[in-house]
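Spelled out, the chains give:
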Amino acid sequence: MSESADLVVVGAGPAGMAAAATALDGGLRVVLIDSGAAPGGQFWRHPPLSAREAVPTADLHHGLSTYRALCATLSAHEGTGRLTLLLNHHVWTTAREEDGFAVHAMDRGRAPEERAVVLRAPALLVATGAYDRQLPFPGWDLPGVLTAGGLQSLLKGGGVVAGSRVVLGGTGPFLLPVAAALAARGAKVVAVCEAAAPSAWLRHPAALLRNPAKWAEGARYAGTLARHRVPVRTRTAIVGAEGEGRVAVVRTAALDAAGRPLPGTERRIEADTVGVGWGFVPQLDLLLPLGCDLADAGDGTMAAAVDDGQRTTVPGLYTAGETCGVGGAALAVSEGRVAAVSVLTDLSAPARPGTRRPAAERRAVARHRAFARAMAQAHPLPPAWPAWLTDDTPVCRCEEVTAGAVRAARADDAAADHRQVKQLTRAGMGWCQGRMCGPAVHCLVSARDQPYAPTERLIATPVTLGALADSGEPTTDPS
Amino acid sequence: MKVVVVGAGIVGAACAFHAAAAGLDVTVLDRGPVGAGTTSRGEGNILLSDKEPGPELELARLSRDLWDEAAEELGPETVEFETKGGLVVASTPDALGALHAFAARQAAAGVRTEAVERVGELEPHVAPGLPGGVHYPQDAQVQPVLAAAGLLRAAVRHGARTHTGEAVAAVTGTDGRIAGVRTADGTVLPADAVVNAAGTWGGEVGRRLGAPVGILPRRGFVLVTEPLPPMIRHKVYSADYVANVASSDEGLETSCVVEGTRAGTILIGASRERVGFDTSMNPAVVARLAAQACRLFPFLRGVHLIRAYRGFRPYCPDHLPVIGPDPRVPGVLHACGHEGAGIGLAPGTGALVTAQLLGRPWRGADPAAHTGLLPDRFLTTGGVPK
Amino acid sequence: MTAVTAFTVDGEPLPFVPGQTLAAALVASGRVAWRTTRGGQRPRGIFCGIGVCYDCLVTVDGTGGQRACLVQARAGMAVTTGEGDDE
């Protein structure tokens, strides 16, 4: 299948939904494409429409009124025929063409079948979000250890609580809604281990005070946690997990200022489930091969560089949301709207009332960005986190490359970045292509304070060679 | 003798390995880490099968023996050295006839070849109905970055040093002979000889040293599948690959090359495009490579592509590497332009360059036997490029 | 939540709620691992839950390499888990 439009939006999370809605209101023909079974992305992850009654999840969400309004706008435009919404479609690559961009996807609506789809448009907006940043620890590959986002996605997408006694760890405000949701659905959350110091937020009061909605959201989670008697331990980290076939015991320790476990503070906590997250990594897989510049996001990662209209450095290519630096759903919605206004302007679409309020949205973006930056500074990766690794701790889960092997590549072959380590040790060469281990390997070999830039991945999601073969033009090649 | 090798790819590492083993004072200069350029973008081919009789095949035969020696010294496991053999298959009786004629000429030049009637006996998963092929037992494979890193480490054990920096200019004495290399930060590395082993950037490095050579990039994509249990035993390719390697056509050429790796992934090549240093993704190339691989090995239809990478093969207009002293700047030697054969030709190149530096044969490399690769072929007798 | 239908896992029926992914149904049944690694034979199952880590791979109706966390369960699907290899 091949289809063309004025704008292709990849990712139907908060940023992509908002961008598509604004562009549609402005009169454009839009294709909105997402790998999920329902619009919403990770933040507003929902079961498919047909299963909403069987799997109720409304109580787990925040900001649902915005979500519902965006859904209503999108379905109205499906009615007018200007929106093509493609769910269960996985984009495997994008390419620049003379008149814009070609987006190559596989329709997996009836997995494992794959059907090639190509979408073409003069403008492309990538809103692919982010995923949990992981730091390995001994036992992190035991069954029952999940990412914090993984626990949340099971809850929001399938109504499933992954375990009965849960310890959460890592850093960042995202741990709190996960803890609250698990507790609300009957799991015993034994501890939330936050590596940052409790006073850290106080260093940036202005950014926090300008975002009262964030206070309210935080207060709601705090209330839920208090009601369920969930202890939040700051300056504490999960430093190990033990068990036979499934995690049974979690080891936690208090951290010194550098993040090194303090001797004598280790505790052993019985748990069958662990959720870990150290902030997020922007999902840049579709942006990097197109050649767009990156910028330091301030949280130890590189993100797409954009101007104040969400334009990347590649003409016709826009991005919004976590790809520009992690900052949450409200920011993503504002950025999506700003990006769509830029697309409308750049394509010289006739102005329509109500679709262009860029000044207000840009102020909202600036306010949310300031808040995100303050949050990132309050929740840094503890610089000494590698102290809790043993030489035999797997760092790359796919190829089972240990911390010792990564350190040896640095010592013996002077490897100074994760790409070089990959070539020498296979860390990052397996199924996940370094999406899980990349940030950790980066920390282990690169200079301190150098943000993580992911390796370029020309293939954004695995596709079968058969489906690829069928997607190409017929050749007369006799082999 | 002080030697600066510019380039820490497989060729530079092999030059340093041999020169240091011969007792020369070697410094390897590169702006990046070991094997980060074209070395990291290839499959690790050590091939005789794709080379027609001539100067490149002679170097390849020497190099094949030296790979055995090098793997022995480095540890074959540490560089994933596999003497797996190659299997070239023809898809039509006509192509098979041409392949047999080609193989007969190679055999006359000293290559071991074995006609194969039933390719399915060597490769159980190959497509049924192929008329036949030729087995090349000497073809081998190595993991290129591990090999470059291993050779460089061995060179350091023999006394070589490494220096991170970018070569910007030659320092020459009053006699016009090279006296050193200046790097981007102003450091001067003193040298009696400078080896240009900068691969795809060899043309630019040659220019900076006052001895320009015409090295151009030829883009290629390689596809990597999910890891699988062993399914493909040899390096298997279609007979048209040989024609494409030697082709000077401007446009896109793809010919099917499929092989397994120690890690379980299957590598699929090879495309050839002359598009300069254009890094953009070309989905049509990927689709065409996938289609060709699936025709050769039908089971691949259900196997996932998980990665693709592209690199730039450094090639000379006559598709032969340029190896040896440049008469325009005494002390400058070129060792680049290996196109897609740099991994296989690296130890032979390193030994040949070392022999040229020493002025006598080294490890089976006799400068007098490889004159067809000298830079002179691009120059008039007055030293002006032809 | 009532289970109304089922797919099979290594031949055994597993009930699921329509709309759930294969991984959600497996986790709901108490399983958090269903595969072992090629090298160390280490158990793997649900980890990232959003299609990024590839820990949760299963074979669906004969096609390997399917991320259980992304594939919507359908009645009658034949899921096989990888014991001892990577599929």
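Residues numbered from 1 in each chain as written. Chains lettered and ligands numbered in written order. Predicted model: local features only at pLDDT ≥ 70, side-chain atom pairs only at ≥ 80, totals over all residues.

Let's shift gears to the overall build of chain C. Along its length, chain C carries one helix and seven strands. Its helices and strands taken in sequence order, chain C reads β-β-α-β-β-β-β-β from the N to the C terminus. Burial status across chain C gives 57% buried among its 87 residues. A fraction of 39% describes how many contacts in chain C between residues 6 or more apart in sequence connect residues 24 or more apart. (Helix = DSSP H or I, 4+ residues; strand = E, 2+ residues; numbered from the N terminus. Buried ≥ 20, exposed ≤ 12 C-beta atoms within 10 Å, placed from the backbone. Contact = placed C-beta atoms within 7 Å.)

Another point: the confidence of the model for chain A. On average, residues of chain A carry a pLDDT of 92, and 95% of them reach 70 or more. A low-confidence stretch, residues 474–479 of chain A stays under pLDDT 50, and its non-local contacts, those more than four residues away or across chains, total 12 contacts. (pLDDT = per-residue confidence, 0-100.)

Another point: the domain arrangement of chain A. Reports often express the size of an interface as the amount of accessible area lost when the parts come together. Residues and elements named next belong to chain A. Domains assigned within chain A are domain 1 (2–131 + 281–356), domain 2 (134–278) and domain 3 (389–445). For domain 1 versus domain 2, the separation of C-alpha centres amounts to 30 Å. On the domain 2 side, the residues contacting the 11 residues of domain 1 number 11 residues. When the residues that make up the side of domain 1 that touches domain 2 are grouped by side-chain class, the tally is five nonpolar, four polar and two charged. (Domains from an automatic or database assignment. Nonpolar A, V, L, I, M, F, W, Y, C, P; charged D, E, K, R; others polar.)

Residues and elements named next belong to chain A. Looking at the secondary structure, you find Asp346 in helix H7 (residues 329–346). What makes Asp346 partly exposed here is the crowd of 15 C-beta atoms within 10 Å. Here the alpha-carbon distance between Asp346 and Gly170, two residues 176 residues apart in the chain, equals 42 Å.

In this complex, chain C contributes 35 residues to the contact, which on the side of chain A involves 37 residues. Secondary structure elements with two or more residues in the side of chain C that touches chain A: helix H1 (22–28), strand E4 (43–45) and strand E6 (63–67) of chain C. In terms of residue class, the side of chain C that touches chain A is made up of 19 nonpolar, 13 polar and three charged.

Glancing now at helix H1 (residues 10–21) of chain B. Residues and elements named next belong to chain B. Across its 12 residues, H1 extends 16 Å between first and last C-alpha, which sits within 8% of the 16 Å expected from 1.5 Å per residue. For H1, the full list of buried residues reads Ile10, Val11, Gly12, Ala13, Ala14, Cys15, Ala16, Phe17, His18, Ala19, Ala20 and Ala21. Where H1 is buried, its residues meet strand E1 (2–6), strand E2 (25–30), helix H5 (144–157), strand E12 (193–196), strand E19 (332–336) and helix H9 (342–358). (Expected span 1.5 Å × (residues − 1).)

This paragraph deals with the environment of Lys386 of chain B. Residue and element names in this part refer to chain B. Assignment of secondary structure puts Lys386 in the segment after H9. With 9 C-beta atoms counted inside 10 Å, the residue Lys386 sits in the exposed group. Distance from Lys386 to Asp376, taken between C-alpha atoms, is 9.7 Å for residues 10 residues apart in sequence. Ignoring sequence-local partners within four residues, the contact set of Lys386 consists of Phe378, Leu379 and Thr380.

It is worth spelling out the pairing of strand E6 (residues 100–107) of chain A at this point. Residue and element names in this part refer to chain A. The buried count for E6 comes to seven of eight residues, which makes it a mostly enclosed element. As paired strands, strand E5 (residues 89–97) and E6 are joined by eight bridges and run antiparallel to one another. Opposite His89, over in E6, you have Asp107 as the bridge partner. Count of turn residues in the E5/E6 antiparallel hairpin: two residues. Two elements, E6 and strand E7 (residues 115–121), share seven bridges in a ladder whose sense is antiparallel. Bridge pairing links Ala102 to Arg120 in E7. (Pairing = 2+ DSSP bridges.)

Here the focus is unusual backbone geometry. With an omega of 10 degrees, the peptide bond between Ala111 of chain A and Pro112 of chain A qualifies as cis. Of note, Pro112 of chain A is situated in the loop between E6 and E7. In this structure, Gln433 of chain A takes a positive phi of about 55 degrees despite not being glycine. Its location among the elements puts Gln433 of chain A in the loop between helix H10 (418–425) and helix H11 (438–445). The exposure class of Gln433 of chain A is buried, given the 25 C-beta atoms found within 10 Å. Notably, Arg363 of chain B is not glycine yet its phi reads approximately 45 degrees, a positive angle. Checked against the element boundaries, Arg363 of chain B lands in the segment after H9.

We now examine the sheet that holds strand E8 (residues 161–164) of chain B. Pairing between the strands of a sheet comes from backbone hydrogen bonds, and it takes one of two forms, parallel or antiparallel. All names here are of chain B. The six strands are arranged E8-E2-E1-E12-E19-E18 in an open sheet whose pairing can be described as mixed. Edge strands, defined here as strands with exactly one partner in the open sheet, are E8 and strand E18 (322–325). Along the sheet, successive strands turn relative to each other by an average axial angle of 20 degrees, direction set aside. (Axes fitted to C-alpha atoms, helices over the stretch in contact; angles between N-to-C directions.)

Counting 323 residues, the largest nonpolar core has Val8 and Leu125 of chain A together with Ala16 and Ala290 of chain B as the members making the most contacts within it. Per element, the largest residue contribution to this core is 11 residues, and it comes from H7 of chain A. Other than its neighbours up to four places away in sequence, Ala16 of chain B contacts Val5, Val26, Val28, Leu152, Ala155 and Ala160 of chain B. (Core = buried A, V, L, I, M, F, W, Y, C linked by C-beta atoms within 7 Å.)

Residue-level contacts link six residues of chain B with five residues of chain C. Here the side of chain B that touches chain C is built from residues that sort into two nonpolar, three polar and one charged.

On the basis of which strands lie adjacent, the open sheet formed by nine strands has the order E24(A)-E17(B)-E13(B)-E16(B)-E15(B)-E14(B)-E4(B)-E6(B)-E5(B) and mixed pairing. Strand pairing shows two members of the sheet lacking a second neighbour, strand E24 (463–464) of chain A together with strand E5 (114–116) of chain B, which therefore form its edges. Bridging between E5 of chain B and strand E6 (residues 132–136) of chain B involves three bridges; their strand directions are antiparallel. If you follow Ala115 of chain B over to E6 of chain B, its bridge partner there is Val134 of chain B.

Quick look at the packing of helix H9 (residues 403–413) of chain A against H11 of chain A now. All names here are of chain A. At a minimum axis distance of 10 Å, the contact between H9 and H11 shows a crossing angle of 45 degrees. With respect to each other, H9 and H11 are oriented oblique. Between H9 and H11 the crossing geometry is right-handed. Contacts between H9 and H11 involve Ala403, Val406, Arg407 and Arg410 from the former and Val441, Leu444 and Val445 from the latter. Of the residues assigned to the contact of H9 with H11, the class counts are five nonpolar, no polar and two charged. (Parallel < 35°, antiparallel > 145°, perpendicular 65-115°, else oblique. Left-handed = near helix turned anticlockwise from the far one by under 90°.)

A separate point is the pairing of strand E17 (residues 304–315) of chain B. Residues and elements named next belong to chain B. When you tally the buried positions in E17, you get 11 out of 12 residues, the bulk of the element. Here strand E13 (residues 216–225) pairs with E17 via 10 bridges, running antiparallel. Among the inter-strand pairings, Pro217 is bridged to a residue of E17, identified as Pro314.

With that settled, consider the confidence of the model for chain C. Per-chain confidence: chain C averages 90 in pLDDT, with 90% of residues scoring 70 or above. As a predicted assembly, this complex carries a pTM of 0.94 together with an ipTM value of 0.94.

Further remarks concern helix H2 (residues 64–80) of chain A. Residue and element names in this part refer to chain A. If you check H2, its first and last C-alpha atoms are 24 Å apart, about what 17 residues at 1.5 Å a residue would give, namely 24 Å. The set of residues buried in H2 consists of Tyr67, Leu70, Leu74 and His77. Viewed along the axis of H2, the buried residues span an arc of 95 degrees, placing them on a single side of the element. For H2, exposure combined with an orientation more than 90 degrees from the buried face picks out Ser65, Arg68, Ala72, Gly79 and Thr80. Elements that come into contact with the buried residues of H2 comprise helix H1 (14–25) and strand E4 (83–86). Note on H2: the residue one or two positions beyond its end, Gly81, has a positive phi of about 85 degrees. (Arc of directions from axis to C-beta.)

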